[in-house]
Structures are given as C-alpha cells and as structure tokens.
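Inside the fold
As a plain string of letters, each chain reads:
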Protein chains: 2
Amino acid sequence: MVQLALRSCFLRPSRLSLRFFSPNMRPLTLDAVNPQLLEVQYAVRGELAIKAELYRDQLKKGDSLPFDKVISSNIGNPQQKGLDQPAITFTRQVAALTEWPALADLAPGVFPADVVARARELYAEIGSIGAYSHSQGVPLIRQSVAKFIEERDGFPAHPDDIFLTAGASAGVSLLINMLITDPTSGILIPIPQYPLYTATLAQHHGRPIPYLLDESSGWSTSIESITAALAAARKDGTVPKALVIINPGNPTGALLDAATMEALVRLCEEHSLVLLADEVYQNNLHAPAAHPFTSFKKVVSQLRSPVPLVSFHSISKGVSGECGRRGGYFELANVPADVRALVYKLVSVGLCPPLAGQIGVDSMVRPPRAGEPSYALWKKETDTIHAALRERTHVMATRLSALPGVSCVESPGALYLFPKIELSAKAVEAARAAGKEPDAFYALALLDETGICVVPGSGFGQKEGEWHYRLTCLCPGVEEYVGKLERFHLGFVKKYE
Amino acid sequence: MVQLALRSCFLRPSRLSLRFFSPNMRPLTLDAVNPQLLEVQYAVRGELAIKAELYRDQLKKGDSLPFDKVISSNIGNPQQKGLDQPAITFTRQVAALTEWPALADLAPGVFPADVVARARELYAEIGSIGAYSHSQGVPLIRQSVAKFIEERDGFPAHPDDIFLTAGASAGVSLLINMLITDPTSGILIPIPQYPLYTATLAQHHGRPIPYLLDESSGWSTSIESITAALAAARKDGTVPKALVIINPGNPTGALLDAATMEALVRLCEEHSLVLLADEVYQNNLHAPAAHPFTSFKKVVSQLRSPVPLVSFHSISKGVSGECGRRGGYFELANVPADVRALVYKLVSVGLCPPLAGQIGVDSMVRPPRAGEPSYALWKKETDTIHAALRERTHVMATRLSALPGVSCVESPGALYLFPKIELSAKAVEAARAAGKEPDAFYALALLDETGICVVPGSGFGQKEGEWHYRLTCLCPGVEEYVGKLERFHLGFVKKYE
C-alpha cells in the first residue's frame, strides 16, 4: 500500500475526488467562506513576493534568468538568506543552552560565564522551554521588560501590564479584534501604513479611517489631517475607536517630535480614542542625536494623561532581527483591570507565546552590560549593524533621489525607504492595459529584470495620482544593489518616455 | 528621573491617571469592547488555574498551606515543572545546533553525527532560524510532513496542502474564522469537548451545535446523536458548516473505529459539512493493538470521498510534549486551490509560524531511524514515556473507579481521564449557595485541600445533571497523587453525606 502510494504520489486525492464532486455538494468554496476574509490584502507578501519565490525556485533548478539571485527587499527580514545579518551571539548562546541545558557541562568553556548564568536563571524560573508558560508570558521576563521600560522612560511600568506575544502582529490583531464592536467601528490609520492594520481591520469587519502623512515635510504627522479624517469618518457614520501611530514610521521611517506626540495624546483625550503605538523600530535610529526616539508611554506618563495606551514592541526588528522566533510584547497603560483580565482570557485560549520568542525578548531587554564577559562582542555586533544600516540608508536615499523622476525622503529611522516615482502617461497607460496599478507595474518590471523584490506604494496607501515603492535598507553590497536599481529605472524611463 | 521612577515603582501610572478619568471619557471599558469576546470561556486556564498560580506564588513566598506543592493536572503540559517529562534529546540537540550552528565545531563529539547532519540539512534549507520563513512553513519541512502522512496512511500527501502552524490551536482558530460566514453559522462540537472550539466560535460569533458522546459505551460517537443535533440546529435557524471530531478524544481519550469513521465521512457528504479532524493525540495510544489510530485522511482517501477535510496535528502532545515551542500543522484535502490560496493569504498576514516550532515538527515527523546513532536513545526515551502514561492511566482509572460515587472510563488514548462523580443533594446545595457549578465546587475544594488543579466537567460540557472533572495522567508519583485524590474524595463525600 505504502509503495503504491509513494509511486502514485503525484496523484493527489484532492484532484481525484474533485472529479466526483457535484457542485451543489461543495461546502468549502470561496463563495461559502467568511466574505470579510476575501477583503484582506497584504501586499508585503502578495503577488510580487510570490513571484519572487517562483524565480528563486527556478534559479535553484538552474533555469537561466536575467539575474543570478533574487533579493527580497519587500520585507524587513534582516537574517534571511542573501542578507544574512548575523544574529547577536549572546542571544543565540542563551537560546542554545535553554534548548539543551546539559550543554553547559558537556562543552565546558564554550559558553561565556554570563551566558551560562543567564540560561541557569531562566531555567530556574521556567523549567523546560518545552512547557507552556503563563499565558501572559514568563513572569520573570515580564519583570525584565518592565525594568527595561522604566529605564528607557523614567516612569514606572508593571509586569501585570505586559503581555508577551508572538511578534507585534499577534498583539495588534488581538487589540483590533477587541476594539471593533460592530461594522461601523473605525480605527485611524496613517497613509502610507503598514498593511497589517488594514488587513486585520478587514478580517474583523472594521473600517480604516485613513489620515495622510505629509511627504513634503519628511512624512510628518499633522493633527489637522487627523481631525479632518475624523470629521469625514463621522459624516459617513463611522465611529472612531482608536488611533494607530507607527513611530518610527513604516514605510516612512519618520520620527515624531515631542510637541507632536503631546498634541496626539491630547487629541486622543478630546476624541475618546485608544492610542495604539507601534514602536517596533524604536532601536533603528540612524541619527539618534538629531532624531531621538521617545515612547508614547513616556509622553502619556509625563502628561498624566488618562488616554488608554497600548504600546507594541518586537524582537524582529532593531539590532535583534529575530523575526523567526516570533517574539514581542505589548504594554497596557490606563487600561482598567477588568479589560486587562479580558485580554488575559483571550490570550489564554492560545495557551502561550512561543518560548523561543520569550527568551529572545529577555535577551533584547537584558543585553550584556559593560564589564560582563559577553559585552565587548555584543557591543561590536550591535554597533556594526547600526552603522551598516545608517550607511546603506544614506547611500540609497542619496542615489535614488538623484535619479530622474525620483525623490526620496532620507528617513532617520526604521529599515526602509519609500521613494516617490513619477511615471509617464505612457507607463501609466501600459500599466492600466496590463490591469496593474502603475507602481505595481513598475515593481513587477523591476523584479523581472533585476530579481529585486520591492512593495509598490499602492500596498501601503498613497495620495491619489502619486506612486511610490518601499524597499528595505538591509541588502549587503549596496553598490551593486543600488546600481541595479539605477540601471533599471533609467531603462524604464527611456522605454516609456 | 530614573531613580525617582524606580523608587516610586509601586505608583502605577494607570492607577494615578484613572483618578483624573471622567467616566464619559473612557474609550476602553468592558462595555466598549467587542461583546462577542465577553462570551469567550476557556476553563482549562480559568478560575481554577488562576487560583493554582496564586497558591504556587504563596508556596514560593514560604506561606504555609495544606499542601507543599501545586500539581497542575488541568492542562496537558508534559514538560511543566513538577511533571518534568523529559524532552526527547534528539529534538533538543537539533534545536540547539540550529540556534548556534558554530556549536558543532566548538563542541566536537558532543553531538551525534545524525544530529549534526540533520541540523546542517535544515540550515542549508532555512538559513538562520532568526529569519521569517515561507508563511506556510519551510518547504523542506512540509515535504517531510507529507512523507510522514504517506507512510502513516498509505495514500499520497502533498506539501502544498500542508500548513505549519503555532500549535494546532492557531489552525483551528483560522479555519473556524473562515467557516463562520454570519451569526447563523454553526459547527458541530462533541460534548464533552475541548473548550478551544466553543471559545473560538464565541470569538468569531458562530454557534456551537453540540452532539453528545456516549459515556456508557466508552464515550463513543454515534451518528444518531449527530443527526439529532443537526435537526435541532436547523429547526432554530442555524446553518451547519462543519463537524469537529477529536480523535483520540479530549477529554474522553476515546478512539474511533473504522466503521464509525466511514459513517461520519458519509454523514459529512450527505449534509455538505467540512470535516475538522483534531488528531493531536494520534501518538498517545495506551493499547495500540486493540485500539489503533486511523486518520480521517486515510478514510477519506479510501472512500475517495469529496468531503473537504482539515486534519490537525501538534508537537505539544504525543511523546514530543513540546508545548512551549508552539508547533503543529494542518493538512487540507479536497479543498479547491482558490480556497487554499485564501488560507495562504491569511497566514501570510501573521508572517510565519515560529521556527522553533517548525524545527520541532521536523523532529517529530523525521525521528531517528534504526541504525542511526541517535536511534537507541530516542527509542528508550519514547518507550519510557509511552509506558509511564499507559501505567498511570490504568492505575488512576482503576483506583478512581473504585471510589464511592465515581466511575471512570479507562481511556485507550490521549493524556486524560474524565471521571464521573455523583454529588449529594447537600453538596449540590452548598455549591449553588457558593454560586458555583457543583463540579467546579468539587474541584475548588480539591485544589484548596490538596493543591491538585483539575478542570470541572462543566468546562467541557456534559449531560444535564451529571458531573465530571478532567485530570491529566502526566503526574509522576502516581501513588501519592492518587492517594491524595482518594483521601479528598472520601472526605468530601463524608462532609456532604
């Protein structure tokens, strides 16, 4: 039986049986599923990313293409193949010891003393990382997160208000699910935005209330554009529930100044909005002196504002870049205990966040300190990552801006650039003929010619009649990389002039 | 600033600011959140589990209680502290090497050759486990899962139909979200059930359609009870979408025979139902000769049935017991390509399952084979776990059944027993006076007196007027453990006779 099955492996039962499948007997077709889910759009892993994977497979098989490698600049995934941003050694050493504690004795001298001590401390608290933890996250690690927040902001934080998560996305999805009480509920979303927000709103049948960021002033956030969006939303019967702020911005990389943050908190007070602060790029700063990061938790605490605040952080970005561990946390402030209990009940249905992610959060908020054995290497590794990102961002922004019809804000934070591209009437026409958004048409041509995968601005939202794309600043060999972008752009302009 | 903050750490901003919070200015209160979420109930981590955690903290602080340790029998968490079911060494050795690949050379001879080879193979495919993988899961690991299914069933399986997940729960939640198209949509749920199903249905505003399992015949599943439930549901305007089968059963441990499985597939054909097969305990069999496991994938394939089938598996149970990694998968059969593409789009919004969980799935479906260096230890470890579970299940079922007013089906599978307890009118009265379900009242008294945390039957559903509780068969020192249960029960009976 097994032999036969393996021989006929290409004969898939689904194929087979669908032949016997009478249409009126199909309980699982697109028109039979939750219609809200059909509305979900997530461009970061959309058409272009899927096509990039196909190209990667073709190259593996040895097919000849116009390029010898696919460069996935569509997603902030620092450690992916081809980018290979090294993992922080301390993080991985601690993780390896929590996976197999006996290693400390089996490989004496291989692990620094502070790594062994950290792993033992975690083991004493957690026991096996193969066990479910507290649904809210390991208490010791939540204490470390609270301490990290207190040292960052100079205001108290409490472990009971911290929820460890499987990356920031899981927390955002939970909160949006909580805040959407009926189909008239709306949430203010920056445009351009990270599409997680509109995707999750679609999934939970809520309405995005878009407010425009101002590219001409470095993608700044203005109170005027938000109040205008609120007025428009109320006019068409939408009930605003929350304000999403991404700081540092994604895809823009912009950083909010203190005055704007205070005004935003006051605006939330005035309009009774929950403030959802996506701060996952808080440690990706290219000019921290001129553009420092301030958390909304700090501003809300300074103002003693009653605004309910949920702040999201992640181990996927920053210098950690541990996307695959799925780790992060959110902190609740000004949230009543009964609502916090509801959040606990909801996360408990999912049992607990991945322990590998929780351990990663611990390493992020408790890195080696000066004087500890692992400090020198940790300092060297993190300085190198910061410097490389700063340098690439500068080179790319400068050279892209020098291209005809391209302007690019040099972002002070995050991992991306979001250049604006002018497209000729001829190019727009060709795009429409191909049934594509013009910037998607541009991005597809870029992928087909260079193997570079970016995300068209239409996936993030942009002003009517403007076109952009988002690309990461993570690629090594910036010369070769930018060179390819330049050659492609000049060729594209020529082709459609 | 920081110093002051740390000194005043007990002064929490939420407390502070709530004093200035005018009631009409509270955007985040229980009556302002998604009302569906208030309906979510998840007894496995409910009132009893929370109280057990408090007792654990008190014991840590050195408080004196009637017991010296808390035993968490409320959840199938084999590796938790106090149970300490050892992790499979092969799994952890591979995981440690994927965390820090340099270890293979830094600690020569510490890792068996097959472990090193497996870790290298995974690294060559995945690269860093700190990177996001394909949203559906690492292709190589999905191929291994497909091969595992083919060897188990003798029918073809295809990697494109496999979705790796963060434990089975994540997949169940996704599928229920897809199947609930409006508030009249219903899903057939066994009673007793694992409360994940009703919790997820509440969250997505769907209706459970309960069908009763028959305790008198070893918790068997009957077509009659399901057709009766379907008729009742249709009468009150519920539209049945899917049938949930948990095999081996949770909390019952019952195993379906081939004839029943065929009849269930035919029933799904007749009533146009999607079949959701929760098979996470497929490797927890106490009498495999008499009660073997057969997958629904195999039955559907044998019958060449067109029934859409989603089969769930997990690394949290079986002999793996790796709950904390959050790993599992589901397989789609008879699901059209466009629906599969929608599932892909939805999982891509969450980026990818935890890599530690994916690596764990690989170790579960590709364990060491006879002749490989790690085989002997793997065999010894897994045999020991199987034997201990079988022995404990037998001892506990026998001795609990011997108690006055207790009857307990000796389950052939899974990790639990679900004894029925007769409670005197006086006990029921006392429970009502305390505002508790009688079995919750019993379980609370058990926790208060012995430190043993179980889940009352009311958390899983049971026949009107019957009372049960679920406890795991994972506790070491079965004599001491059962002894405590016996002494408590006899005392409780005496107290309320």
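Keep in mind the model is a prediction, meaning the values are calculated, not measured. (Residues numbered from 1 in each chain as written. Chains lettered and ligands numbered in written order. Predicted model: local features only at pLDDT ≥ 70, side-chain atom pairs only at ≥ 80, totals over all residues. Heavy atoms only, no water.)

**Section: the nonpolar core**
Note the cut-off: Among the buried residues, those of types Ala, Val, Leu, Ile, Met, Phe, Trp, Tyr and Cys that are joined through side-chain atoms within 4.5 Å form a nonpolar core. Each residue is placed in one exposure class: buried if its accessible area under a 1.4 Å probe, protein chains only, is under 20% of its type's maximum, exposed if it is over 50%, and partly exposed if it falls in between. It only takes one pair of heavy atoms within 4.5 Å for two residues to be counted as in contact.
One finds A:Leu243 and B:Leu243 to be the most contacted residues of the largest nonpolar core, which totals 318 residues. Not counting residues up to four positions away in its chain, the partners in contact with B:Leu243 are B:Leu188, B:Tyr211, B:Ile226, B:Leu264, B:Leu267, B:Cys268, B:Leu273, B:Val274, B:Leu275 and B:Leu276.

**Remarks on helix H11 (residues 223–235) of chain A**
Residues and elements named next belong to chain A. The following threshold applies: Numbering of helices and strands runs from the N terminus; a helix is a DSSP stretch of H or I covering at least four residues, while a strand is a stretch of E covering at least two. What a helix is expected to span follows from its residue count: subtract one and scale by 1.5 Å.
Relative to the 18 Å expected for 13 residues at 1.5 Å per residue, H11 spans 18 Å between its end C-alpha atoms, a close match to the ideal helical length. Buried-residue contacts for H11 involve strand S3 (185–191), strand S4 (207–212), strand S5 (239–246) and helix H12 (258–271). Where H11 ends, the next residue or the one after it, Gly237, has phi of about 80°, a positive value.

**Observations regarding unusual backbone geometry**
Cis peptide bonds are those with omega within 30 degrees of zero, and the linkage from A:Ile191 to A:Pro192 qualifies with 0°. By the secondary structure assignment, A:Pro192 is in the loop between S3 and helix H10 (196–203). Following A:Asn250, the chain continues to A:Pro251 via a peptide bond in cis, the omega torsion being 10°. Note on placement: A:Pro251 falls in the loop between S5 and H12. One non-glycine residue with positive phi stands out, namely B:Trp219, at about 60°. In this structure, B:Trp219 sits in the loop between strand S4 (207–212) and helix H11 (223–235). With relative accessibility at 5%, the residue B:Trp219 sits in the buried group.

**Here we look at the domain arrangement of chain A**
All names here are of chain A. The condition is simple: Note that the domain bounds were set by an automatic or database domain assignment. When two components associate, each loses some accessible surface as probed by a 1.4 Å sphere; the sum of these losses over both components is called the buried area. Following the grouping adopted for this structure description, the nonpolar residues are Ala, Val, Leu, Ile, Met, Phe, Trp, Tyr, Cys and Pro, the charged ones are Asp, Glu, Lys and Arg, and the polar ones are all others, Gly among them.
The domain boundaries assigned to chain A delineate domain 1 (43–84 + 378–495) and domain 2 (132–365). For domain 1 versus domain 2, the separation of C-alpha centres amounts to 27 Å. Counting residues at the interface gives 31 residues for domain 1, matched by 31 residues for domain 2. When the two sides are added together, the surface that domain 1 and domain 2 hide from each other amounts to roughly 2,400 Å², 60% of it contributed by carbon and sulfur. The set of elements that each furnish at least two residues to the side of domain 1 that touches domain 2 consists of helix H16 (375–401) and strand S10 (416–417). If you tally residues by element for the side of domain 1 that touches domain 2, the top one is H16, at 6 residues. Looking at the side of domain 1 that touches domain 2 residue by residue, the class counts come to 13 nonpolar, 13 polar and 5 charged.

**Concerning the sheet that holds strand S8 (residues 328–333) of chain B**
All names here are of chain B. Inclusion rule: Two strands qualify as a pair provided that DSSP identifies no fewer than 2 bridges between them. A fitted line through C-alpha atoms serves as each axis, taken over the contacting stretch for helices, and the angle formed by two N-to-C directions is quoted from 0 to 180°.
Judged by pairing direction, the sheet is mixed, and its 7 strands sit side by side in the order S2-S8-S7-S6-S5-S3-S4 without closing on themselves. Two strands in the sheet have a free side with no partner beyond their single neighbour: strand S2 (162–165) and S4. Pairwise comparison of adjacent strand axes, ignoring direction, gives a mean angle of 20° for this sheet. Here strand S6 (residues 274–278) runs beside strand S7 (residues 309–314); their pairing, made up of 4 bridges, is parallel. Its bridge partner being in S7, Leu275 is matched across the sheet by Leu309. Most of the contacts of helix H9 (residues 167–179) go to S7, to which it runs at about 160°, and overall it touches S2, strand S3 (185–191), strand S5 (239–246), S6, S7 and S8.

**Thoughts on the confidence of the model for chain A**
All names here are of chain A. Note the cut-off: Per-residue confidence from the predictor is reported as pLDDT, a score between 0 and 100.
Averaged over every residue, the pLDDT of chain A is 90; residues scoring 70 or more account for 95%. Every residue in residues 1–24 scores below 50 in pLDDT, and together they form 36 contacts with partners more than four places removed in sequence or on other chains. We note a pTM of 0.91 for the whole complex and an ipTM of 0.90 for its interfaces.

**Some thoughts on helix H19 (residues 478–495) of chain B**
Taking 1.5 Å per residue as the helical rise, H19(B) with its 18 residues ought to reach 26 Å, and the 25 Å between its terminal C-alpha atoms agrees with that figure. Within H19(B), the full set of buried residues consists of B:Val478, B:Tyr481, B:Val482, B:Gly483, B:Lys484, B:Leu485, B:Glu486, B:Phe488, B:His489 and B:Phe492.

**Some thoughts on the sheet that holds strand S8 (residues 328–333) of chain A**
Residues and elements named next belong to chain A. Strand order in the open sheet made by the 7 strands is S2-S8-S7-S6-S5-S3-S4, with mixed pairing throughout. Two strands close off the open sheet at either side, each with one partner strand: strand S2 (162–165) and S4. For this sheet, the mean inter-axis angle between neighbouring strands, taken without regard to orientation, is 20°. Relative to strand S6 (residues 274–278), S5 runs parallel, the two being bridged by 5 bridges. Bridge assignment links Leu243 to a residue of S6, and that residue is Leu275. Along the sheet, helix H8 (residues 139–153) makes contact with S2, strand S7 (309–314) and S8, crossing S2 at roughly 115°. The strands touched by helix H14 (residues 337–349) are S2 and S8; relative to S2, the strand with the most contacts, the crossing angle is about 20°.

**Considerations on the interface of chain A and chain B**
The line we're drawing: The working definition used for a salt bridge is a side-chain nitrogen of Lys or Arg within 4 Å of a carboxyl oxygen of Asp or Glu.
Facing 122 residues of chain A, the contacting portion of chain B comprises 122 residues. Both sides together, the interface formed by chain A and chain B hides about 10,100 Å², and carbon and sulfur atoms give 63% of it. Area buried by chain A at its contact with chain B is led by A:Leu28, A:Arg45 and A:Tyr132, which between them contribute 8% of it. Joining chain A to chain B, the criterion identifies 4 salt bridges. The shortest N-O distance in the salt bridge between A:Arg325 and B:Glu99 comes to 2.8 Å.

**Focus: the pattern of salt bridges**
One pass over the full model with this rule turns up 48 salt bridges over all chains. Among the salt bridges present, the one from A:Asp161 reaches A:Arg340, with a minimum N-O distance of 2.8 Å. Here the residue A:Asp161 occupies a position in the loop between H8 and S2, and A:Arg340 occupies one in helix H14, the gap between them amounting to 179 residues. As far as the burial class goes, A:Asp161 and A:Arg340 line up, both buried. Two residues, B:Glu479 and B:Arg399, come together in a salt bridge whose shortest N-O distance is 2.7 Å. Taken together, the residues span a long stretch of sequence, with B:Glu479 in helix H19 and B:Arg399 in helix H16 (residues 375–401) at a distance of 80 residues. Given a relative accessible area of 22%, B:Arg399 falls into the partly exposed group. When salt bridges that share partners are traced, they join A:Arg92, A:Glu322, A:Arg325 and B:Glu99 into one network.

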